[in-house]
Amino acid sequence: MHSHHHPGIGTDTRTAPVAASVTAQYRARYRRAAEGAGEPADLLPVTGAQRRFLLARRLAPGGRPDVVPLFFAFPRAAVDLDRLRAAAGYLAAVHPALRARPGVLRGTPVQRLAAPEAQVSRVLPRPGESGADALRRALAAWPAEGPPLRCFLADDPAAGEPTELLALALDHVACDEQSLGRLSAELGAAYRDRRGPGDAPAALVTEEAAGYREAVHQQLEAEERASTPRSLAYWAQRLAAARPDDAAAQDAVRQAAQRPGADGSGAQPPRPTGAAQVRLPAGAHDGRAMVFPVLLDACAGVARALHGTDPYGADRVPLLGYPWGGRPAAAPPVLGCFLNTVVHPALPGAGADAWWDDLDHADTPFDEVVRAARTAGAAWSGALDGLLTFEDLHRRPPLVLGDAAGREVHVDGRPLQAPFAVSVSYGTELLVRMAWDRDAVSDARAEDAFAGLTRALRDRLGAAAATG
């Protein structure tokens, strides 16, 4: 599979001593810390994904967390802010993930359950701002301290008819795709029934707390089981031809850190990212299994177009990352952050065939993949050149608040966790959106790459439909 051999990659390591996995080391550290603290009832470990998000937050300019917002347009005055605040408080009282606060205990990342709290506030657009501008500003000012669930409502002066925009936003440490569907449904139900934090049944609160604890521990057990020498050897081999480095991703981070106000002083907000989108017919495809490998292959072409050379003009293989998987099958279906990031080397000519092999090892924790690459000689910290997300809208009901159903809209221009990101929403059609860091990628290059992505998707999905 690889044309360049790195020392240690692909060699027989069956006789070499096997170091404890990253997850095993973390679990041991957590047990010691928890025992030393008397094992308080409000203390929990964090999953591998949560550890990555917390580390990224610590490294980000100003300590900015990764926020997952959903945006909805409602008729003006349709949303009762006090009623919404009560409903959000009800959800925070019921779901442990929404009242968990990250912390550090004896040098070990942990989470502690706090009193239920949810922030719901109105944002007033400044002169010349649209509702989207106001929400973007509110999200950019999100302080790391505070509740993971926050809602912002803004009037939209730019709309053709009286409209308000609602941002339903969560800290990514507290949610994944599966959580978003349950959250939308339960927020609407709590709003309909006029529930508040004091209405949460004690038995339900106890059940959810026990379920969350069980799910977190089951996730860590699954991550440790997936960190096998065989899986690590697979990923070392898979990344061998890529010769991973941090050239493009680290350059974007460095430029972001040099922007005015990047130190958290707030002197100047981050420069809005570039954005493009297209809607394509979904056809009769079998959801993720049919569309995703086509999308992944097309995004690999984007990555090569944008980051296929290093700063010195030499060829390099960009690395994409995408979330995959979820909580173990036996785990309770609680809200929380239960996912893994899978790496995809954008090798030219490889197609998406290797993706099917990757699925056999997709539960290998990202931290272990990074360690496997570094142990094999790659100078890679885990920085990615691009991100790809795929959301199946069939799993997420629309947000209904009282008599009004929110119309989902998209607000672009928010900070990215990589030089570029592609997101696809799969419903009655495919909504393909791409955003890019303008300090890392010029608009002209990004728009050309997006046009290539659109052509590739039309051709490949059309061919699949014709043969399906």
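For the structure given in this document, a descriptive report is provided here. A quick note: this is a predicted structure, and the numbers were derived from the prediction, not measured.

1. Quick look at the packing of helix α7 (residues 229–240) against helix α11 (residues 366–375)
(1) Moving on: Packing of α7 against α11 brings their axes to within 8 Å, and their N-to-C directions diverge by 60°. Of the two elements, α7 crosses α11, and the hand of that crossing is right-handed. The residues of α11 that touch α7, namely those facing Leu-232, Trp-235, Ala-236 and Leu-239, are Glu-368, Val-369, Ala-372 and Ala-373.
(2) Moving on: Across the contact of α7 with α11, the residue classes break down as seven nonpolar, no polar and one charged.

2. Re the sheet that holds strand β11 (residues 386–392)
(1) Moving on: A sheet is described by the order of its strands in space; here six strands give the open sequence β8-β16-β15-β11-β9-β10, paired in mixed fashion. Every other strand in the sheet has two partners, leaving β8 (274–281) and β10 (340–345) as the edge strands with one partner each. When the angles between neighbouring strand axes are averaged without regard to direction, this sheet yields 20°.
(2) Moving on: Relative to strand β16 (residues 429–436), β8 runs antiparallel, the two sharing eight bridges. Looking at the pairing, Arg-279 lines up with Leu-431 of β16.

3. Remarks on the pairing of strand β6 (residues 149–155)
The side chains of a regular strand alternate between both faces of the sheet.
(1) Moving on: Counted residue by residue, β6 has six buried out of seven residues, so it is predominantly covered.
(2) Moving on: Examined bridge by bridge, strand β5 (residues 119–123) and β6 share five bridges and lie parallel to one another. Opposite Arg-122, over in β6, you have Leu-153 as the bridge partner.
(3) Moving on: Between β5 and its parallel partner β6, the chain crosses via helix α4 (residues 131–140), and the hand of that crossover is right-handed.

4. Section: the sheet that holds β5
Strands pair in a sheet through their backbones, by hydrogen bonds, and they do so in one of two ways: parallel or antiparallel.
(1) Moving on: Spatial strand order, β5-β6-β7-β2-β14: five strands in an open sheet with mixed pairing. On the outer flanks of this sheet lie β5 and β14 (407–409), each paired with one strand and no other. Within the sheet, the average angular offset between the axes of one strand and its neighbour, ignoring direction, is 25°.
(2) Moving on: Of the strand pairs in this sheet, strand β2 (residues 67–75) and strand β7 (residues 163–171) are connected by nine bridges, and their pairing is antiparallel. What sits directly across from Ala-73, in β7, is Leu-165.

5. Comments concerning the packing of aromatic side chains
(1) Moving on: In total, this model carries twelve aromatic pairs according to the counting rule given.
(2) Moving on: Look at Tyr-234 and Trp-235: their rings are 5.3 Å apart centre to centre, the planes differ by 85°, and that puts the pair in the edge-to-face class. Across this residue pair, the class does not change: Tyr-234 and Trp-235 are buried.
(3) Moving on: Here Tyr-322 and Trp-324 contribute two aromatic rings whose centre-to-centre distance is 6.0 Å and whose plane-to-plane angle is 90°, an arrangement assigned as edge-to-face.
(4) Moving on: Through a chain of ring-to-ring contacts, the aromatic side chains of Phe-292, Tyr-322, Trp-324, Trp-355, Trp-356, Phe-390 and Tyr-426 assemble into a single cluster.

Thresholds applied
Residues numbered from 1 in each chain as written. Predicted model: local features only at pLDDT ≥ 70, side-chain atom pairs only at ≥ 80, totals over all residues. Heavy atoms only, no water. Axes fitted to C-alpha atoms, helices over the stretch in contact; angles between N-to-C directions. Helix = DSSP H or I, 4+ residues; strand = E, 2+ residues; numbered from the N terminus. Left-handed = near helix turned anticlockwise from the far one by under 90°. Contact = heavy atoms within 4.5 Å. Nonpolar A, V, L, I, M, F, W, Y, C, P; charged D, E, K, R; others polar. Pairing = 2+ DSSP bridges. Buried < 20%, exposed > 50% of the residue type's maximum accessible area, 1.4 Å probe, protein only. Right-handed = clockwise from strand over helix to strand, strands pointing away. Phe/Tyr/Trp six-rings, centres within 6.5 Å; stacked < 30°, edge-to-face > 60°.

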